Amino acid sequence: MTQVPGYSYGSPENTTSPVSLTDLDQLKATLLWSDDDERWRRRAGELLTPQAEDILDVWYGFVGSSPHLVSTFSGADGQPDGDYLAAVRRRFALWIHDTCSRDLDQAWLDQQHEIALRHTAAKKSATDGVNSTSAEVPLRYLVAFIVPLTVTVEPFLSSKAGPDDDVAAMMTAWFKAITLTATLWSQPYADGW
Ligand code: HEM
């Protein structure tokens, strides 16, 4: 995993998150995070991680056909930069695994902070050395993106689920995990977080 350029999970290069583990616990409680969610989050990861490339085809198709979204991947000429899109995609595949399979501990919190910063002017475009005309991913799209990232995984869970699997429970756990992630990623943008 660490062979992917710019992937920094667990690295000392990640800034320590300003969000405490107590904050995280309280956020999880607010999302009604349960032991069942934890179990089904991990099971969802077993089904989704091997399908990451197919899932990314769907997400990148959506972003690619949405000018207001793909413009955040612009290069110096204002056009979508294929190398930038491809470099981020490799880390996005690992993110699917991390979202379902990592312990929600300090290293995980620090990784959320790092990726959050990479969506803001503080670190956007720096990891891949891109000279982008887009300085920041607008917070409103980051929040709204919870919906496509959630609803599009259902067919991927259903197609691989076994007789003992509960697809609805996996969908709930995935939805909560994405909402938790997007909430943490809003921190560097927002006063009064
Ligand atoms: C909940 C919503 C979102 C999730 C879970 C998500 C996920 C990710 C992930 C995993 C990465 C790679 C991070 C890394 O460097 O390891 C990334 C980077 C990026 N995402 Fe998002 N994203 C979200 C919303 C959006 C939206 C709505 C846009 C576009 C409008 C966007 C544009 C970008 C861009 C441009 C990068 C590259 C950042 C950089 O220069 O390092 N993201 N995103």
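Conventions used here
Residue positions are given per chain, counted from 1 along the sequence in the order it is written. Totals for whole chains, interfaces and linings use every residue, but because this is a predicted model, local features are given only for residues with pLDDT of at least 70 and side-chain atom pairs only at 80 or more, for both listing and counting. Heavy atoms throughout the structure, all of them, feed into the side-chain values; hydrogens and water do not. Coordinating N, O and S atoms are those within 2.8 Å of the metal (3.2 Å for Na, K and Ca), and as water is not part of the atoms, a site may appear to have fewer donors than expected. For the purposes of this entry, the term helix denotes a DSSP run of H or I that reaches at least four residues, the term strand denotes a run of E that reaches at least two, and both are numbered from the N terminus. Being near a molecule or strand, for a residue, means having at least one of its heavy atoms within 4 Å of it. Here a polar contact is taken to be a pair of N or O atoms separated by no more than 3.5 Å, where protein atoms must pair a possible hydrogen donor with a possible acceptor and residues adjacent in sequence count only if both atoms sit in side chains. Under this grouping Gly is polar, as are all residues other than the nonpolar Ala, Val, Leu, Ile, Met, Phe, Trp, Tyr, Cys and Pro and the charged Asp, Glu, Lys and Arg. Classification of ring pairs uses Phe, Tyr and Trp, with its six-membered ring standing for Trp, and accepts pairs whose centres are within 6.5 Å; under 30 degrees between planes counts as stacked, over 60 as edge-to-face, and the remaining range as tilted. Only protein chains enter the area calculation, which uses a 1.4 Å probe; residues under 20% of their type maximum are buried, those over 50% are exposed, and those in between are partly exposed. Only when the NZ atom of a Lys or the CZ atom of an Arg is both within 6 Å of the ring centre and within 35 degrees of the ring normal do we say a charge sits over the ring.

A. Quick peek at the coordination of the iron atom of the ligand. If you check the protein contacts of the iron atom of the ligand, you find one donor only, His 119 (NE2), at 2.2 Å. By secondary structure assignment, the location of His 119 is in helix H6 (residues 106-119).

B. The arrangement of the site of the ligand in detail. Tyr 84, Arg 91, Arg 118, His 119 and Ser 125 are the nearest of the 19 residues found near the ligand. In the model, an oxygen atom of the ligand is placed 2.7 Å from a nitrogen or oxygen of the Arg 91 side chain. Take Arg 118: an N or O atom from its side chain is 2.6 Å from an oxygen atom of the ligand. At the level of secondary structure, the elements contributing two or more residues to the shell around the ligand comprise helix H5 (82-101), H6 and helix H7 (139-144). Counting residues per element, the shell around the ligand draws most heavily on H5, at five residues. Residues of the shell around the ligand, tallied by class, amount to 13 nonpolar, three polar and three charged.

C. Seen up close, the packing of aromatic side chains. For the structure shown, the criterion picks out 10 aromatic pairs. Where Tyr 60 meets Phe 73, the ring centres are 6.5 Å apart and the plane angle is 45°; that geometry is what we call tilted. Of this pair, Tyr 60 sits in helix H3 (residues 52-64) while Phe 73 sits in the loop between helix H4 (67-70) and H5, and the two are 13 residues apart along the sequence. With respect to class, Tyr 60 is no different from Phe 73; both count as buried. An aromatic cluster of at least three residues, connected via ring pairs, comprises Trp 59, Phe 92, Trp 95, Trp 174 and Trp 185. For the cation-ring pair, Arg 89 lies above Tyr 60, with the distance from its terminal atom to the ring centre recorded as 5.4 Å. Between the NZ or CZ atom of Arg 140 and the centre of the ring of Tyr 141, over which it lies, the distance is 4.6 Å.

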